[in-house]
Amino acid sequence: MDGELTRVTVNLVPAAVVALNSACDRARESKTDAINRAVSLLPVIYELLERSDDRSLVVIQPDGRVERVYLL
């Protein structure tokens with residue numbers, strides 16, 4: 001399936017539109033690129049959450065600060 005494109009139509013809630021636009025602005029990328037990146041990350045996030053007892057991920061910042069992110 002390499003190189004093949006699939007057109008998908010989605011209906012986004014307003015909060016998702018805001019998040020998508022913010023992601024595009026920050027990364028200076030198209031909506032298509034941002035959505036492809038987000039969808040590609042989902043399996044990784046699900047895998048990490050399956051290993052977690054409390055459905056959280058730990059983020060270690062470059063300065064050593066630790067943040068715990070809970071995903072419901």
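Provided above is the structure to which this section pertains.
What comes next is a walk through the structure. (Residues numbered from 1 in each chain as written. Predicted model: local features only at pLDDT ≥ 70, side-chain atom pairs only at ≥ 80, totals over all residues. Heavy atoms only, no water.)

## Digging into the environment of Cys24
Looking at the element boundaries, Cys24 is found in helix α1 (residues 14-27). The exposure class assigned to Cys24 is buried, which follows from its relative accessible area of 9%. Apart from residues lying up to four places away in sequence, Cys24 is in contact with Glu29, Ser30, Lys31 and Ala34. (Helix = DSSP H or I, 4+ residues; strand = E, 2+ residues; numbered from the N terminus. Buried < 20%, exposed > 50% of the residue type's maximum accessible area, 1.4 Å probe, protein only. Contact = heavy atoms within 4.5 Å.)

## A short note on α1
In a regular helix each residue adds 1.5 Å, so 14 residues correspond to 20 Å; α1 covers 20 Å between its end C-alpha atoms and thus fits that length. Of the residues trailing α1, Arg28 is marked for its positive phi of about 50 degrees. (Expected span 1.5 Å × (residues − 1).)

## A word on the packing of α1 against helix α2 (residues 31-50)
Packed helix pairs are characterised by how far apart their axes lie and by the angle those axes make with each other. Where α1 meets α2, the axes come as close as 9 Å, and the angle between the chain directions of the two elements is 105 degrees. As far as their axial angle goes, α2 and α1 are roughly perpendicular. Only Lys31, Ala34 and Ile35 of α2 make contact with α1, whose side of the interface consists of Leu20, Asn21 and Cys24. Grouping the amino acids of the contact of α1 with α2 by side-chain chemistry returns four nonpolar, one polar and one charged. (Axes fitted to C-alpha atoms, helices over the stretch in contact; angles between N-to-C directions. Parallel < 35°, antiparallel > 145°, perpendicular 65-115°, else oblique. Nonpolar A, V, L, I, M, F, W, Y, C, P; charged D, E, K, R; others polar.)

## A few points about the pattern of salt bridges
Per the stated rule, a full pass over the model turns up five salt bridges. The partner of Glu47 in a salt bridge is Arg51, and the shortest N-O contact between them spans 3.4 Å. A relative accessible area of 38% places Glu47 in the partly exposed class. For Asp54, the salt bridge identified is with Arg68, shortest N-O distance 3.9 Å. In this pair, Asp54 sits in the loop between α2 and β1 (56-60) while Arg68 sits in strand β2 (residues 66-70), placing the two residues 14 residues apart along the sequence. (Salt bridge = Lys/Arg side-chain N within 4 Å of Asp/Glu carboxyl O.)

None of the figures reported here should be taken as evidence of function without further support.
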